[in-house]
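Descriptive structure summary
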Protein chains: 10
Amino acid sequence: MLFHVRMNVSLPAGMPADQAAQLKKAEKELAQRLQQEGKWRHLWRIAGQYANISIFDVGSVDELHTLLTSLPLFPYMQIDVMPLCRHPSSIRDNDS
Amino acid sequence: MLFHVRMNVSLPAGMPADQAAQLKKAEKELAQRLQQEGKWRHLWRIAGQYANISIFDVGSVDELHTLLTSLPLFPYMQIDVMPLCRHPSSIRDNDS
Amino acid sequence: MLFHVRMNVSLPAGMPADQAAQLKKAEKELAQRLQQEGKWRHLWRIAGQYANISIFDVGSVDELHTLLTSLPLFPYMQIDVMPLCRHPSSIRDNDS
Amino acid sequence: MLFHVRMNVSLPAGMPADQAAQLKKAEKELAQRLQQEGKWRHLWRIAGQYANISIFDVGSVDELHTLLTSLPLFPYMQIDVMPLCRHPSSIRDNDS
Amino acid sequence: MLFHVRMNVSLPAGMPADQAAQLKKAEKELAQRLQQEGKWRHLWRIAGQYANISIFDVGSVDELHTLLTSLPLFPYMQIDVMPLCRHPSSIRDNDS
Amino acid sequence: MLFHVRMNVSLPAGMPADQAAQLKKAEKELAQRLQQEGKWRHLWRIAGQYANISIFDVGSVDELHTLLTSLPLFPYMQIDVMPLCRHPSSIRDNDS
Amino acid sequence: MLFHVRMNVSLPAGMPADQAAQLKKAEKELAQRLQQEGKWRHLWRIAGQYANISIFDVGSVDELHTLLTSLPLFPYMQIDVMPLCRHPSSIRDNDS
Amino acid sequence: MLFHVRMNVSLPAGMPADQAAQLKKAEKELAQRLQQEGKWRHLWRIAGQYANISIFDVGSVDELHTLLTSLPLFPYMQIDVMPLCRHPSSIRDNDS
Amino acid sequence: MLFHVRMNVSLPAGMPADQAAQLKKAEKELAQRLQQEGKWRHLWRIAGQYANISIFDVGSVDELHTLLTSLPLFPYMQIDVMPLCRHPSSIRDNDS
Amino acid sequence: MLFHVRMNVSLPAGMPADQAAQLKKAEKELAQRLQQEGKWRHLWRIAGQYANISIFDVGSVDELHTLLTSLPLFPYMQIDVMPLCRHPSSIRDNDS
């Protein structure tokens, strides 16, 4: 099942550069592992913003929530989830 | 270049069923042709709504606008466009 | 899987009373059948509004979308869907 | 009487981990006791958010307010209350 | 129990003057009866608008919904309900 | 003249408990005095929120502003004022 | 007492030109009379919009409401009222 | 040329009382000088808020911006500007 | 003086094609004339929308309003105006 | 390709004046270099705000994002991007 997820990141002004770098590194590693496993199907940057549009492919809403809350940047993100389904005009069976 | 497009469709209450069916058929044909050409990369239905999330892959903003305004349902849609770019944590080169 | 659904109904001012009554009767019958099947788990009226809060329990987002778009009042409703999951403080295993 | 309650939690960035853990533990204990007493009828997590949708079943608005303001996390939550009533199409007498 | 209710009235442009006058007359009669019965405790006009702020005093949410939907102008109003309770600084016991 | 006032209170996270208690005590005393004088006609708590709905009865807008800005919690409140007038369907002459 | 009033005019698409012209003429006459009487102190057009910003100087909220609802264009306007008072830095005693 | 300006002031919670008092004093002096020069034509307090509605009369947008950014409280204000022009129903030539 | 203007066009569903074509033709002619005169400095289409972003260069707000309300499509547009001024980092003297 | 960019700047209250001055100086230098290179085509101040409207002319969305995120003030700005295209009524070929 596909879910459209928008994540807006907002690190506190006073966060030490080291901590921010470490968080981003851990975030990137997990994001890439989840992409390789096929759970995080697409990941795009929104132009001009510290935000992304993602498409997740998971077996259940609980799995989605577990993935999102396991992200190192989760405490610093506003996340909006929108469930998607197959569009009748889509030509790709594996895109839903 | 990728653009995130949300289309909300709203047909007038009084539109004859025939006209609506014809519009939707023409819309579907064009949507599928644009998908086959690779211009309309993804097309998903938003659950519970007569609306979709689409990802377009075009050479320019002008091309995007020309495609969107050529859609038979264009006069009946509210369209919001958001430019996307490659996310540094994405593992797919061909996804941007 | 549970989904929180809010439906706001807005019938066109000019709809004949007969047609409205027939739509509502068909809506009620389907709503009750889906409740008996356990798909539509809860259905509450929002006080003072022609709107409801519903909890659906379905196997997939596609199933949810199929159910919602099969409702006779679907063309006259604005529908917002929010995916839910089990809350760690919930005492009810069968409530998620 | 049923009330639809949405709670969005936002702990201050600087709150010590100990204090946060203690607050959450106390919150969980009270939430579970209120569920066992039948006052807090449903408690669901909103996917991807530190927020919940709850259904309270109380004898009066004053009782609802007393319960909500007694929650240990109350000072850190934004709470929106919406009164519900029985839906004419509901098949469950005990769901209102 | 007290509920704060805001009603915004919007009659269709094409409604015959007779029908509008009759609706308003019936609305006024019911509003005054409900005030005499103590159910509709306060009724104020919002300056410059075809809208009112009302305080209802009812035994349950269901009673409130029944009253509101019985108003002749109900189909032409947008209604927002907010539950109130006694304020700890209020000096009036009978104002809650 | 009546004014509908909504006050949302938001004390800074770091305010010492003593200072908060003192502010609330002074606020309560003034609120009760203004009620006894008939200036602050109604005061209700909005369920689930640190907010109130109030009805003020004053001789002028300047008097209203002077009262509101004299409240000890004024610096910590967001206040919205809406002028009310007599509703033609009201049965109470002294309610306007 | 001064009130800041914003009026947004929206005539129905199908209104005959004659009726519109007559309404506007009557509106202008009343607006000018109220200005001459000093009730309607200022009247400015918002650039690019069929809307105005007005300052009314009236003895009570009821008088304001009576004036506004007597405007020929009242049924076609959205009106927002904001009470004003003397600013402590104002140098004009007669501007409040 | 007239511009409608709304200023909402929000001083940081931690600003020393001395600094706040000095800022307000300087703001008042400049506001009064600009009023005497005819640049700041009207200045009203919005009831219940630390905010004002002002009408500026300046020769150009650049002049307006220079005036607004020279205000001592500028760094602590949210400012919204709306250009005004003569209303065809205004009776005052010198009010535009 | 420069003004940033956003125009959203919305023709009524029932407008005859002839009338729409004539309006658009007249709009185009006037738009091009105003561009040639230097009053309408820039005119861009917003991608995916029947809307534009324009920069006007006029001598006064009144002139701007006169130009905007003379547009044949004015009755069918929502227009938002935002005054611009020279940016201190701009390298172009003739761009303000 | 043209993009309409709005940047709202918000420096933290506690930022030392030195750091702010250095950031603004670096921002100005880069802004002017990008203007000279033709990438940053227009740069206007929004009257009364610490915000600007900019038009960028870039070869791709990725280039736009790289430019925007390289701005020294990027961490302190909210940025909204809107893709533009040639308007059919524009008389300037080089303005798109």
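Cut-off values and rules
- Residues numbered from 1 in each chain as written.
- Chains lettered and ligands numbered in written order.
- Predicted model: local features only at pLDDT ≥ 70, side-chain atom pairs only at ≥ 80, totals over all residues.
- Heavy atoms only, no water.
- Helix = DSSP H or I, 4+ residues; strand = E, 2+ residues; numbered from the N terminus.
- Buried < 20%, exposed > 50% of the residue type's maximum accessible area, 1.4 Å probe, protein only.
- Contact = heavy atoms within 4.5 Å.
- Areas by Shrake-Rupley, 256 points an atom, 1.4 Å probe, with all protein chains shown as cover.
- Lys, Arg positive; Asp, Glu negative; His and termini not counted.
- Charge placed at Lys NZ, Arg CZ, Asp CG, Glu CD.
- Buried area = accessible area lost by both parts, 1.4 Å probe.
- Salt bridge = Lys/Arg side-chain N within 4 Å of Asp/Glu carboxyl O.
- Polar contact = N/O pair within 3.5 Å; in protein donor to acceptor, adjacent residues only side chain to side chain.
- Nonpolar A, V, L, I, M, F, W, Y, C, P; charged D, E, K, R; others polar.
- Pairing = 2+ DSSP bridges.
- Expected span 1.5 Å × (residues − 1).
- Arc of directions from axis to C-beta.
- Least-squares fit on C-alpha atoms with pLDDT ≥ 70 in both.
- Axes fitted to C-alpha atoms, helices over the stretch in contact; angles between N-to-C directions.
- Disulfide = S-S within 2.5 Å.
- pLDDT = per-residue confidence, 0-100.

When you go through chain A residue by residue, the secondary structure sums to two helices and four strands. Order of helices (α) and strands (β) in chain A, N terminus to C terminus: β-α-β-β-α-β. Taking the principal axes of its C-alpha atoms as reference, chain A extends roughly 50 × 25 × 20 Å. Put simply, chain A has 96 residues, and 53% of those count as buried. For chain A, the share of sequence-separated contacts (at least 6 apart) that also reach a separation of at least 24 residues comes to 68%. Of the roughly 4,000 Å² of accessible surface on chain A, 49% is carried by carbon and sulfur atoms. Averaged over its 10 positive side-chain charges, chain A has a centre that lies 6 Å from the centre of its 10 negative ones.

Once that is clear, we can look at the interface of chain A and chain B. Residue-level contacts link 30 residues of chain A with 30 residues of chain B. Note on chain A versus chain B: buried area summed over both sides is about 2,800 Å², and carbon and sulfur give 61% of it. The interface formed by chain A and chain B holds zero salt bridges in total. Taken together, the links from chain A to chain B amount to 22 residue pairs in polar contact (both at pLDDT 80 or more). Those elements giving two or more residues to the side of chain A that touches chain B turn out to be β1 (2-9), α1 (17-36), β2 (40-46), β3 (51-57) and β4 (77-86) of chain A. Tallied by class, residues from the side of chain A that touches chain B come to 14 nonpolar, nine polar and seven charged. Pairing of β4(A) with strand β2 (residues 40-46) of chain B involves three bridges; the strand directions are antiparallel. By the bridge assignment, R86(A) is partnered in β2(B) with W44(B).

Here the focus is helix α1 (residues 17-36) of chain F. Residue and element names in this part refer to chain F. Helix length check: α1 (20 residues) gives 28 Å between terminal C-alpha atoms against 28 Å at 1.5 Å per residue, within 8%. All of the buried residues in α1 are A20, L23, E27, L30, A31, L34 and Q35. Angular distribution of buried residues about the axis of α1 spans 135°; they occupy a single face of the element. The outward face of α1, more than 90 degrees from its buried face, is lined by the exposed residues A17, D18, Q22, K25 and Q36. Those residues of α1 that are buried are in contact with β2 (40-46), α2 (61-70) and β4 (77-86). Once α1 finishes, G38 follows within two positions and takes phi at roughly 85°, a positive value.

With that settled, the discussion passes to the environment of Q22(D). Mapped onto the fold, Q22(D) is located in helix α1 (residues 17-36). Note: C-alpha distance between Q22(D) and P72(D) (50 residues apart in sequence) is 9.4 Å.

The next thing to look at is the relation of the copies chain H and chain J. Mapping chain H onto chain J calls for a rotation angle of 72° and an axial translation of 0.0 Å; the resulting RMSD is 0.0 Å. Accordingly, the operation relating the two chain copies is best matched by a five-fold axis.

Chain A makes no contact with chain H; the smallest distance between any of their C-alpha atoms is 16 Å. You won't find any contact between chain E and chain H; their C-alpha atoms come no closer than 15 Å.

Below, the discussion takes up the sheet that holds strand β2 (residues 40-46) of chain D. Taken together, eight strands build a closed barrel; the order of strands is β1(C)-β3(C)-β2(C)-β4(D)-β1(D)-β3(D)-β2(D)-β4(C) and the barrel is antiparallel. For this sheet, the mean inter-axis angle between neighbouring strands, taken without regard to orientation, is 35°. Looking at chain direction, strand β1 (residues 2-9) of chain D and strand β4 (residues 77-86) of chain D are connected through seven bridges and run antiparallel. Bridge assignment links V9(D) to a residue of β4(D), and that residue is M77(D). Contacting β1 (2-9) and β4 (77-86) of chain C together with β2 of chain D, helix α2 (residues 61-69) of chain A crosses the sheet at an angle of about 70° to β4(C).

Overall, the coordinates contain zero disulfides over all chains when judged by the stated rule. Not part of a disulfide, C85(H) finds its nearest cysteine sulfur in C85(I), a span of 19 Å. Note on C85(I): relative accessible area 3%, which makes it buried.

Moving on to the confidence of the model for chain A. Averaged over chain A, the pLDDT score is 96; the fraction of residues at 70 or greater is 99%. Two summary scores accompany this predicted model of the complex, namely pTM at 0.96 and ipTM at 0.95.

Looking now at the interface of chain H and chain J. Every contact between the two is made by seven residues of chain H and, on the other side, six residues of chain J. Taking both sides of the interface into account, the surface hidden between chain H and chain J amounts to around 500 Å²; carbon and sulfur atoms contribute 63%. If you sort the residues of chain H by the area they bury against chain J, H65(H), F74(H) and I79(H) come out on top, with a joint share of 62%. Remark: the boundary between chain H and chain J carries zero salt bridges. Between the two partners, chain H and chain J, sit three residue pairs in polar contact (both at pLDDT 80 or more). Of all elements in the fold, only α2 (61-69) and β4 (77-86) of chain H reach the threshold of two or more residues within the side of chain H that touches chain J. By residue class, the composition of the side of chain H that touches chain J is five nonpolar, one polar and one charged.

Quick look at the side chain of H87(C) now. Within the secondary structure, H87(C) is located in the segment after β4. In this structure the side chain of H87(C) is engaged in a polar contact, spanning 3.4 Å, whose partner is the side chain of R45(D). With sequence-adjacent residues up to four places away left out, H87(C) is seen in contact with L43(D), W44(D), R45(D) and N52(D).

Let us now look at the side chain of N52(C). Turning to its location among the elements, N52(C) is positioned in strand β3 (residues 51-57). Among the polar contacts made by the side chain of N52(C), one reaches the side chain of S54(C) at a distance of 2.8 Å.

All names here are of chain D. The buried count for strand β3 (residues 51-57) comes to six of seven residues, which makes it a mostly enclosed element. Looking at chain direction, β1 and β3 are connected through seven bridges and run antiparallel. Note that in β3 the partner of F3 across the bridge is F56. Strand direction decides the pairing type here: β2 and β3, joined by five bridges, are antiparallel. Following the sheet pairing, W40 is matched in β3 by F56.

For the rest of this paragraph, the subject is the sheet that holds strand β3 (residues 51-57) of chain H. Taken in spatial order, the eight strands of this closed barrel run β1(G)-β3(G)-β2(G)-β4(H)-β1(H)-β3(H)-β2(H)-β4(G), and their pairing is antiparallel. Taking the axes of each pair of neighbouring strands and ignoring which way they run, one obtains an average angle of 35° across the sheet. Here helix α2 (residues 61-69) of chain I sits on the sheet and contacts β2 (40-46) of chain G together with β1 (2-9) and β4 of chain H; the angle it forms with β4(H), its principal contact strand, is near 70°.

This paragraph deals with the relation of the copies chain A and chain B. Each copy superposes on the other: chain A lies on chain B with an RMSD of 0.0 Å after a rotation of 180° and an axial shift of 0.0 Å. Accordingly, the operation relating the two chain copies is best matched by a two-fold axis. The share of interface residues of chain A whose copies in chain B are also at the interface is 100%, consistent with both copies meeting through the same surface.

What follows concerns the pattern of salt bridges. For the coordinates displayed, the defined rule picks out 68 salt bridges over all chains. With a closest N to O distance of 2.8 Å, D57(F) and R41(F) form a salt bridge. Separated by 16 residues along the polypeptide, D57(F) in strand β3 (residues 51-57) and R41(F) in strand β2 bring together distant segments of the chain. R41(F) carries the same exposure label as D57(F), and that label is buried. Connected through shared salt-bridge partners, R41(A), D57(A), R92(A) and D95(A) make up one network.

This part takes up the pairing of β3(F). Residue and element names in this part refer to chain F. The buried fraction of β3 amounts to seven of the seven residues, a majority that puts the element mostly inside the structure. Taking every second residue as pointing to the same face, both faces of β3 are buried, with A51, I53, I55 and D57 on one and N52, S54 and F56 on the other. In sequence, β2 turns back onto β3 through a hairpin of four residues, with G48 there showing a positive phi of about 85°.

Take α2(I) next. Looking at α2(I), one finds that the buried residues are V61(I), L64(I), H65(I), L67(I) and L68(I). For α2(I), the angular spread of buried residues about the axis comes to 160°, placing them on one side.

All names here are of chain A. With respect to the helices and strands, Y76 occurs in the loop between α2 and β4. Distance from Y76 to S10, taken between C-alpha atoms, is 5.5 Å for residues 66 residues apart in sequence. Residues contacting Y76, with those up to four places away along its chain left out, are N8, V9, S10, L11, P12, M15, Q19 and L23.

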